[in-house]
Amino acid sequence: MTSRKPLGRYRRIVIKIGSALLVDRKAGLKKAWLDAMCADISGLKAKGIDVLVVSSGAIALGRSVLDLPSGALKLEESQAAAAVGQIALARAWSESLSRDEIVAGQILLTLGDTEERRRYLNARATINQLLKIGAVPIINENDTVATSEIRYGDNDRLAARVATMTGADLLILLSDIDGLYTAPPHLDPNATFLETIAEITPEIEAMAGGAASELSRGGMRTKIDAGKIATTSGCAMIIASGKTDSPLSEIENGARSSWFAPSGTPVTARKTWIAGQLQPAGELHVDDGAVTALGAGKSLLPAGVRSISGLFSRGDTVAIIGPAGREIARGLVSYDAEDARRIAGRKSAEIAAILGYAGRAAMVHRDDMVTNAQIRSKSDRLKKDASYA
Ligand code: GLU
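Because the structure is a prediction, the values reported are computed rather than measured. (Residues numbered from 1 in each chain as written. Predicted model: local features only at pLDDT ≥ 70, side-chain atom pairs only at ≥ 80, totals over all residues. Heavy atoms only, no water.)

1. Some words on the overall build of the protein chain
Part 1 of the reasoning: Scanning the protein chain from N- to C-terminus turns up 14 helices and 17 strands.
Part 2 of the reasoning: Relative to a compact globule of 389 residues, whose C-alpha radius of gyration would be 21 Å, the protein chain shows 22 Å and is just as compact.
Part 3 of the reasoning: Principal-axis analysis of the C-alpha atoms gives the protein chain an extent of 70 × 45 × 45 Å.
Part 4 of the reasoning: Per element, the accessible surface of the protein chain, about 16700 Å² overall, is 51% carbon and sulfur.
Part 5 of the reasoning: Taking the average place of the 48 positive charges on the side chains of the protein chain and the average place of its 44 negative ones, the gap between the two points comes to 4 Å. (Helix = DSSP H or I, 4+ residues; strand = E, 2+ residues; numbered from the N terminus. Rg over C-alpha atoms; globule rule 2.2 N^0.38 Å. Areas by Shrake-Rupley, 256 points an atom, 1.4 Å probe, with all protein chains shown as cover. Lys, Arg positive; Asp, Glu negative; His and termini not counted. Charge placed at Lys NZ, Arg CZ, Asp CG, Glu CD.)

So this is what it looks like as structure tokens:
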């Protein structure tokens, strides 16, 4: 069960900070808030805890610097705003942390840096090196080059990805809402607050509403998605309000917040990476026999595959869909789509004769697969509010 531990008992903490906390539409950067946050970070570091910050605010700050009118921005406008805002944001973090002699290092990630294994490992190595030398990585999405198809669009899921990538044991999402309610509290007077969430069930998912405010992109939905990514790999998550000064101290003092328990059986780092993939390259539709086999921890054999969709290459991530149309697992496929189509429904012993070479017996090997119990259930995680475009 979720036991609320003092923050000082965690080893590595990722703190995600929403735009609205750092940037005021009129006044720009909220310097006093940032200084108080950095003092709290310094306190954690003094206890030997590694701290990583995923800071939003580039676009909001750029908007304020450029004095852009309110309302939705075009993609190129938000990219330009991010370019202007990010430089100011990084500088503000660096200056504020340096008051306690803490060094900041800027990391800008795109979706590809977490989705492609090689780039993922590179990014992880850099972040780990920064932590090793005692620096605080200040991370954001590289909004200036990310276009709508290849971007996270929200820093909630990016922060969860960073948490799993670096083996953090706590992710704190600070925004303008103090936690998860059974329904959006501003719409439903009967909404009740949930203090602890032992498991992210479909009921919990159903409680997530849409986007929160104009300045911040992530609503409760992306926070729950983040929770799934984080808790699957054994990382606890807190959703708390950052509206007060020193929200970390407030959490320590028992401020209202929602705590998500880490999964009791974290999967391996490789499976964590597979489970957190946002865009499977294709789908394998399987029969009931395959569903039973996968449930028993077996590999997916070609014989159980009824049909295939998508254009994927060997090694890509594919979603495995049961007869009822639900995703039941996700894994790295052993064949290119064209070859997979040719051997679908056939016995493994026939593979060599059909393809002309001896491939793997499994279409998706169990070592390369995470089943539904371990992954978030929806494959439409990139379909988000129009405000992301
Ligand atoms: N990366 C965006 C920015 O820095 C924020 C995304 C979000 O609000 O989650 O402006």
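2. Remarks on the environment of C235
Part 1 of the reasoning: Tracing the sequence through the fold places C235 in the loop between α9 (220-232) and β11 (236-241).
Part 2 of the reasoning: With a relative accessible area of 0%, C235 lands in the buried category.
Part 3 of the reasoning: Those residues within four positions of C235 in sequence are excluded, and the remaining contacts are A163, A168, D169, L170, L171, A230 and P262. (Buried < 20%, exposed > 50% of the residue type's maximum accessible area, 1.4 Å probe, protein only. Contact = heavy atoms within 4.5 Å.)

3. As for the UniProt feature "binding site: substrate" (unreviewed entry) in the protein chain
Part 1 of the reasoning: What UniProt calls "binding site: substrate" (unreviewed entry) maps, in this numbering, to S56, D143 and N155. A maximum C-alpha distance of 10.9 Å places the annotated residues, which cover 100 residues in sequence, within one compact spot.
Part 2 of the reasoning: Looking at the secondary structure, you find D143 in the loop between β6 (136-141) and α7 (155-165).
Part 3 of the reasoning: You can call D143 buried: its relative accessible area is 10%.
Part 4 of the reasoning: Within the fold, N155 resides in helix α7.
Part 5 of the reasoning: Under the relative-accessibility criterion, N155 is labelled buried at 8%.
Part 6 of the reasoning: Residues in contact with N155, not counting those within four places in the same chain, are K16, V54, S55, S56, N140 and E141. (UniProt positions renumbered as here; feature names shortened; annotations may be inferred.)

4. Digging into the packing of α7 against α9
Part 1 of the reasoning: The geometry of α7 relative to α9 is characterised by a closest axis approach of 8 Å and an angle of 10° between their N-to-C directions. With respect to their mutual orientation, α7 and α9 come out roughly parallel. Taking contact as the criterion, the partners of D156, R157, A160, R161 and T164 in α7 are, on α9, T222, K223, D225, A226, I229 and A230. (Axes fitted to C-alpha atoms, helices over the stretch in contact; angles between N-to-C directions. Parallel < 35°, antiparallel > 145°, perpendicular 65-115°, else oblique.)

5. Regarding the packing of aromatic side chains
Part 1 of the reasoning: Counting across every chain of the model gives one aromatic pair.
Part 2 of the reasoning: With a centroid separation of 5.0 Å and 75° between ring planes, the pair formed by Y181 and F193 is classed as edge-to-face. Of the two residues, Y181 is situated in strand β8 (residues 180-181) and F193 in strand β9 (residues 193-194); the sequence distance between them amounts to twelve residues. No difference in accessibility class separates Y181 from F193, as the two residues are buried.
Part 3 of the reasoning: Lying across the ring of Y10, K5 places its NZ or CZ 4.5 Å from the centre. (Phe/Tyr/Trp six-rings, centres within 6.5 Å; stacked < 30°, edge-to-face > 60°. Lys NZ or Arg CZ within 6 Å of the ring centre and 35° of its normal.)

6. Some words on the side chain of K45
Part 1 of the reasoning: Relative to the helices and strands, K45 is located in helix α2 (residues 31-46).
Part 2 of the reasoning: The contacts of K45, once residues within four sequence positions are left out, are V51, I102, G134, A135 and V136.

7. Brief notes about the site of the ligand
Part 1 of the reasoning: Around the ligand, a shell composed of eleven residues is seen, among which A58, I59, N140, D143 and N155 lie nearest.
Part 2 of the reasoning: Within the backbone of N155, an N or O atom sits 2.7 Å from an oxygen atom of the ligand.
Part 3 of the reasoning: Coverage of the ligand by the protein chains reaches 99% of its 300 Å² of free accessible surface. (Near = heavy atom within 4 Å. Polar contact = N/O pair within 3.5 Å; in protein donor to acceptor, adjacent residues only side chain to side chain.)

8. Description of the environment of A125
Part 1 of the reasoning: Looking at the secondary structure, you find A125 in helix α6 (residues 117-132).
Part 2 of the reasoning: A relative accessible area of 47% places A125 in the partly exposed class.
Part 3 of the reasoning: Residues A125 and T166 lie 41 residues apart in sequence; the distance between their C-alpha atoms is 8.9 Å.

9. Comments concerning the side chain of D40
Part 1 of the reasoning: Relative to the helices and strands, D40 resides in helix α2.
Part 2 of the reasoning: Despite being buried, D40 has no salt bridge partner; K47 is the closest side chain of opposite charge, sitting 8.7 Å away.
Part 3 of the reasoning: Those residues within four positions of D40 in sequence are excluded, and the remaining contacts are S246, P247, L248 and S249. (Salt bridge = Lys/Arg side-chain N within 4 Å of Asp/Glu carboxyl O.)

10. Considering unusual backbone geometry
Part 1 of the reasoning: If you check the backbone angles, D67 has positive phi at about 55° while not being a glycine.
Part 2 of the reasoning: Residue placement: D67 occurs in the loop between α3 (58-66) and α4 (75-98).
Part 3 of the reasoning: Residue class for D67 comes out exposed when judged on its relative accessible area of 67%.
Part 4 of the reasoning: Positive phi, normally seen in glycine, also occurs at E101, with a value near 55°.
Part 5 of the reasoning: Within the element layout of this structure, E101 appears in the loop between α4 and β5 (104-109).

11. Thoughts on the nonpolar core
Part 1 of the reasoning: Counting 45 residues, the largest nonpolar core has V14, L171 and L180 as the members making the most contacts within it.
Part 2 of the reasoning: Of all elements in the fold, only β4 (50-55), β5, α6, α7, β7 (170-175), α9, β11 and α11 (269-275) reach the threshold of two or more residues within this core.
Part 3 of the reasoning: When residues of this core are assigned to their parent elements, the largest contribution, six residues, is made by α7.
Part 4 of the reasoning: In this structure L180 touches T192, F193, L194, I197, I204, M207, M220, I224, S258 and F260, once residues within four positions along its chain are discounted. (Core = buried A, V, L, I, M, F, W, Y, C linked by side-chain atoms within 4.5 Å.)

12. Examining the sheet that holds strand β17 (residues 369-371)
Part 1 of the reasoning: Spatially, β14-β13-β15-β16-β17 is the arrangement adopted by the five strands of the open sheet, whose pairing is mixed. The sheet is open, and its two edges are formed by β14 (305-310) and β17, each paired on a single side. Ignoring strand direction, the axes of neighbouring strands in this sheet form an average angle of 20°.
Part 2 of the reasoning: Across four bridges, the pairing between strand β13 (residues 282-286) and strand β15 (residues 317-321) is parallel. Residue H285 lies in a different strand from β15, and its bridge partner there is I321. (Pairing = 2+ DSSP bridges.)

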